[in-house]
Amino acid sequence: MRIQFEIKEKLPEIIAEVLHSDKWLTLVKEEKQGLKRVTIKDPYFDSEASVDIWEKEVHITTAWSNYTYRIYTRGDSVWCEYIGAYRGLLEQNLLPIITPKENILDSEVLDSSLFGDKKDSLRNYSTENLKLKNFRRDNFQGESVLASPQDHPKVVYDEFINEGVPLPPLEDIKKKSGN
């Protein structure tokens, strides 16, 4: 799935958090004109992400899943492009704070394995994704064995989406879930 959405944070804030966060260790791998390549590592788990910091863009690639986040400026605003699985959207622990400016469910999915290159909202994508997940679970024995409740994102959980209700900050959700 590929999706783009405007975010509230400014690019210098994102860069500062990547380079100086208390949530991870930052290792500078390479510095050359216009590019700083770093690795951020979780100090408690064997997890890391690669980050390329350019003047007007930041690229984050997760090590385990190879999900990518491209944070870039477009005019006076900052945008995030995510390429990865639906269940991974904004769910990685090794991410700077990325806050969608509008309801993320209204964001347009630009291409996906579910819709191809047909553009549709994340809301519709999540509905169709849930239908497909339920169909597989109900019709294929192996699917229910492979799936687990932890497979699905905690924040954008299809069955519990309440329209117009703001989500609590991710830190509050993590405190309640014990993560």
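Only a predicted model underlies this, so the values are computations on that prediction, with no experimental measurement involved. Sequence order sets the numbering: in each chain, residues are counted from 1 along the sequence as written. Residues qualify for local features only when their pLDDT is at least 70, as the model is predicted, and side-chain atom pairs are given and counted only at 80 or more; totals for whole chains, interfaces and linings, by contrast, use all residues. Computation of side-chain values covers all heavy atoms of the structure but excludes hydrogens and water.

A. How the structure looks around the sheet that holds strand 2 (residues 25-32). The sheet built from nine strands is open, its strands ordered 2-3-4-5-6-7-1-8-9 with antiparallel pairing. Whereas interior strands pair on both sides, the edge strands pair on one side only; in this sheet they are strand 2 and strand 9 (120-121). Pairing analysis gives five bridges linking strand 4 (residues 48-53) to strand 5 (residues 57-62), with the strands arranged antiparallel. By the bridge assignment, Asp52 is partnered in strand 5 with His59. Pairing between strands is defined by DSSP: at least two bridges between them are needed. The helix count covers DSSP runs of H or I at least four residues long, the strand count covers runs of E at least two residues long, and both are numbered beginning at the N terminus.

B. Structural view of helix 2 (residues 122-139). For helix 2, spanning 18 residues, the distance from its first C-alpha to its last is 25 Å, which sits close to the expected 26 Å at 1.5 Å a residue. When helix 2 is considered as a whole, its buried residues turn out to be Leu122, Tyr125, Ser126, Asn129 and Leu130. Burial along helix 2 is one-sided: seen end-on, the buried residues are contained in an arc of 135°. By definition in these notes, contact holds between two residues if any of their heavy atoms fall within 4.5 Å. Where helix 2 is buried, its residues touch strand 1 (2-7), strand 8 (108-111) and strand 9. Helices are assigned an expected span. That span is 1.5 Å times one less than the residue count. For each residue, the accessible area found with a 1.4 Å probe, counting protein chains only, is set against the maximum for its type, and the residue is called buried under 20%, exposed over 50%, and partly exposed in between. Regarding the arc, it is the one traced by the directions from the helix axis to the C-beta atoms.

C. Seen up close, the pairing of strand 5. Burial along strand 5 is one-sided: the residues Val58, Ile60 and Thr62 are buried and none of Glu57, His59 and Thr61 is. Between strand 4 and strand 5, which pair antiparallel one after the other, the connecting turn spans three residues. As defined by bridge partners, strand 5 adjoins strand 6 (residues 68-74) across five bridges and the pair is classed as antiparallel. Residue Ile60 lies in a different strand from strand 6, and its bridge partner there is Tyr69. Adjacent in sequence and paired antiparallel, strand 5 and strand 6 are bridged by five residues, among which Asn66 carries a positive phi angle near 60°.

D. Structural context of unusual backbone geometry. Phi at Asn66 takes a positive value of approximately 60°, unusual for a residue other than glycine. Note on placement: Asn66 falls in the loop between strand 5 and strand 6. Judged by its relative accessible area of 53%, Asn66 is exposed. Of note, Leu90 is a non-glycine position whose phi angle comes to about 60°, a positive value.

E. Highlighting the packing of aromatic side chains. Any two rings among Phe, Tyr and Trp, with Trp reduced to its six-membered ring, count as a pair given centres within 6.5 Å; such a pair is stacked if its planes are under 30 degrees apart, edge-to-face if over 60, and tilted if neither. Following the criterion strictly, the structure yields two aromatic pairs and no others. Aromatic pair Tyr67 and Tyr82: ring centres 5.9 Å apart, planes at 70°, arrangement edge-to-face. Taken as a pair, Tyr67 in the loop between strand 5 and strand 6 and Tyr82 in strand 7 (residues 77-83) lie far apart in primary sequence, 15 residues in all. Look at Tyr67 and you get buried, because its relative accessible area is 10%. A residue is classified by how much of its surface remains accessible, and Tyr82, at 0% relative accessible area, is buried. Ring geometry for Tyr69 and Tyr82: centres 4.9 Å apart, planes at 45°, overall tilted. One end of the pair, Tyr69, is in strand 6; the other, Tyr82, is in strand 7, with 13 residues separating them in the sequence. What links up through ring pairs into an aromatic cluster is the set Tyr67, Tyr69 and Tyr82. Comment: the charge-over-ring label is applied if NZ (Lys) or CZ (Arg) is within 6 Å of the ring centre and within 35 degrees of the ring normal. Stacked on the ring of Tyr72, the Lys or Arg Arg70 has its end atom at 3.9 Å from the ring centre.

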